[in-house]
Amino acid sequence: MAPRLDFSNWWTKDTQKGTPVVVKMENPAFSVVEINGADAAFRPVEKSRGKNAKQVTWVLLLRAHRAVGCVTWLATVLWALLGAIKKRLIYGQGVAMESESDKLEKGKLLFRVIRVFLVTSLAVLAFEVVAYLQGWHFGNPTLHIPRTSDLEGLLHLAYVAWLTFRAEYIAPPIKALSKFCVVLFLIQSVDRMVLCLGCFWIKYRKVKPKINGDPFKSDDVEGSASNYPMVLVQIPMCNEREVYDQSISAVCGIDWPRDRLLIQVLDDSDDESIQWLIKEEVSKWSQKGINIIYRHRLIRTGYKAGNLNSAMSCDYVKDYEFVAIFDADFQPNPDFLKRTVPHFKDNPELGLVQARWSFVNKDENLLTRLQNINLCFHFEVEQQVNGVFLSFFGFNGTAGVWRIKALEESGGWLERTTVEDMDIAVRAHLNGWKFVFLNDVKVPCEVPESYEAYRKQQHRWHSGPMQLFRLCLPAIVKSKVSAWKKANLILLFFLLRKLILPFYSFTLFCIILPLTMFVPEAELPLWVICYVPVFMSLLNILPAPKSFPFIVPYLLFENTMSVTKFNAMVSGLFQLGSSYEWVVTKKAGRSSESDLLAAAEREAKSIEQQKIHRGASDSDLMESQKLVENKEAAPRTVKKTNKIYKKELTLAFLLLTASIRSLLSAQGVHFYFLLFQGVTFLLVGLDLIGEQMS
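This one's a predicted model, so the numbers in the text were calculated from it and none came from an experiment.

(A) The arrangement of the pattern of salt bridges in detail. Under the criterion given, the structure shown has 20 salt bridges. E380 is the salt-bridge partner of K203, the closest N and O atoms lying 3.0 Å from each other. One end of the pair, K203, is in helix α3 (residues 148-205); the other, E380, is in helix α8 (residues 366-389), and 177 residues separate them in sequence. Here D255 and K338 are joined by a salt bridge, their closest N and O atoms 2.9 Å apart. Of this pair, D255 sits in the loop between α4 (244-252) and β2 (261-267) while K338 is found in helix α7 (residues 336-340), placing the two residues 83 residues apart along the sequence. Relative accessible area serves as the criterion here: at 40%, D255 is assigned to the partly exposed category. Because the salt bridges share partners, they merge into one network encompassing K208, D335, R339 and D440.

Structure below.
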């Protein structure tokens, strides 16, 4: 029999006042008195009637007023919370303003949530009214209220059913996927180990490309300059306000006969003020006797590939044998051409000489330090080993010298992908050209200092190869190169290092691992989570031994970046909208030591301009005045902003929840890895790593 809940006692008067109190003491010095109620003399006069309707109404109104006040307070708190979130996500505190359409969509979504809540509330209220009219209220003695034992039995049955369903239907696919990812992980780890062994062998045997004799030495002193080949230097840039002068001045300082060198400044800027600044810099060096040309396209298509292709179509290019390419933030040393071009002599099959990058801002913040680890391994291990053993590697797009004949026979620059450098390298390799990598020739440049810039750069670097793989696969299969070269291109160059790496890294460590905390039947072994990743991180950090203290942040950050790389890989593989998106990497304009030594020369710029202005015509004076105005119009101070990354924050919540579950089940290392990985995702999702974007 269910207990009867009688609410009538709320309104009736209790005839017995007071509460029985029993006082117990260990050593009482007086007697114990039981008080059953107040003395008759002090009892109030009892009334024979209960509360009337007016009193009940006032009581109800008072309680309704309190309820309304409570609801109002909760609504105020909720509204303040929503306002803070709106201020953080939309207006500000460093978050870029969203478009009106985005705000409208968010408003519609909030309106839908409120509407669903109101409809649900009205439905529940209607159900309660019907239940009351049918007599299904608590005062009805026929209503069955479940006992605690009944509830425990139902929960036990539900939990047993969940365990059965989890073991039979959820765990098997997770196990299969985890085994597949572990196999890919081991294959990729073996590839890394082989590359490292090859690098150790190169270091031990001191293998490196050599130049036989002095290729430019001549007995004829007057005609010695004729031994130098004709070299074209190209500097493609687009809205590079911070670094345009550094790159132009560094290239103009290259030690090479002036009549054998031509510099093309390929400006794709859409900002007129930046165009005028670059024109002024080019004019300054031209007046010093440097063969330098400023080019600006009216139809800016194809991004960097279109810019380079347009420059190569000039008639005077046929007079040049080699072309050196430098991005706007690269600052080559004066002896760059003398250390690269001689490798082409007596080697007609050589199509490309690639130099290594060095970074002027590698110690700027934690983000730049982690990038330095990755890029040092890329150049010293991947590029050097592939160059020595295969005579092939992916062109890095800058700090390299091409034989113009190799470019022309391979089809030139194509605008079909955002990795035009890798595209031309693959096509040149299929045409039989060989590549040389010079690890001891370093060109200073910058790495992105903000996470937003680095994220966009990595998206382009990982979506472009997958897009190129779709386009190049038929040509690779049909090419006349050996089966070994075809297998290397398809299996190693594209699939293993460009597709498999981001796939297993994201799937295994960001999805499967936290899910195994809730599905223990598919638990990953400890060596997959700890031992192998740490060993691989040690191998990756060997080319940059000074970065050894950052090995743990490096491991965690690489797993975090797998989200961006996986997304880019999918968009490039399936030709999604962002696969052909090119965003110029934001530069900070850091100076190398060679630039600092040349600071005095740049300081004399104003004096030279005054001398030029004195002998200039009226039109020249007007142009110079316009240049000064453009400089003054340049932004002085730019507000730094940060962003919110929803994917990273979502995975942070998943990983931190999984870490709590791991802590409750006492799984040791799993807990620490999930906790630190979740915190890393949280920091990245809140844009708290690196510099903020301008």
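And the narrative resumes.
(B) Spotlight on helix α11 (residues 451-478). Between its first and last C-alpha atoms α11 spans 41 Å; for 28 residues at 1.5 Å apiece the expected length is 40 Å, and the two agree. Residue C472 marks the point of greatest curvature in α11, where the axis turns by about 45°; the proline P474 follows within four residues.

(C) How the structure looks around unusual backbone geometry. Notably, K206 is not glycine yet its phi reads approximately 55°, a positive angle. Along the chain, K206 turns up in the loop between α3 and β1 (231-237). Of note in this structure, Y303 is not a glycine but carries a positive phi near 55°. Its location among the elements puts Y303 in helix α6 (residues 303-312). Residue classification places Y303 among the partly exposed positions, given a relative accessible area of 32%.

(D) Focus on a nonpolar patch on the surface. Nonpolar side chains collect at one region of the surface, where L186, L526, W527, Y531 and V669 lie side by side and expose about 430 Å² of accessible area between them. Counting residues per element, the nonpolar patch draws most heavily on helix α13 (residues 526-541), at three residues. Topologically, W527 is positioned in helix α13. On the basis of relative accessibility, which here comes to 36%, the residue W527 falls in the partly exposed class.

Reading the values: the criteria
- Residues numbered from 1 in each chain as written.
- Predicted model: local features only at pLDDT ≥ 70, side-chain atom pairs only at ≥ 80, totals over all residues.
- Heavy atoms only, no water.
- Salt bridge = Lys/Arg side-chain N within 4 Å of Asp/Glu carboxyl O.
- Helix = DSSP H or I, 4+ residues; strand = E, 2+ residues; numbered from the N terminus.
- Buried < 20%, exposed > 50% of the residue type's maximum accessible area, 1.4 Å probe, protein only.
- Expected span 1.5 Å × (residues − 1).
- Bend = angle between axes of the 7 residues up to and from the residue.
- Patch = residues over 30% accessible without salt bridge, like charges linked within 9 Å, V, L, I, M, F, W, Y side chains within 5 Å.
- Areas by Shrake-Rupley, 256 points an atom, 1.4 Å probe, with all protein chains shown as cover.

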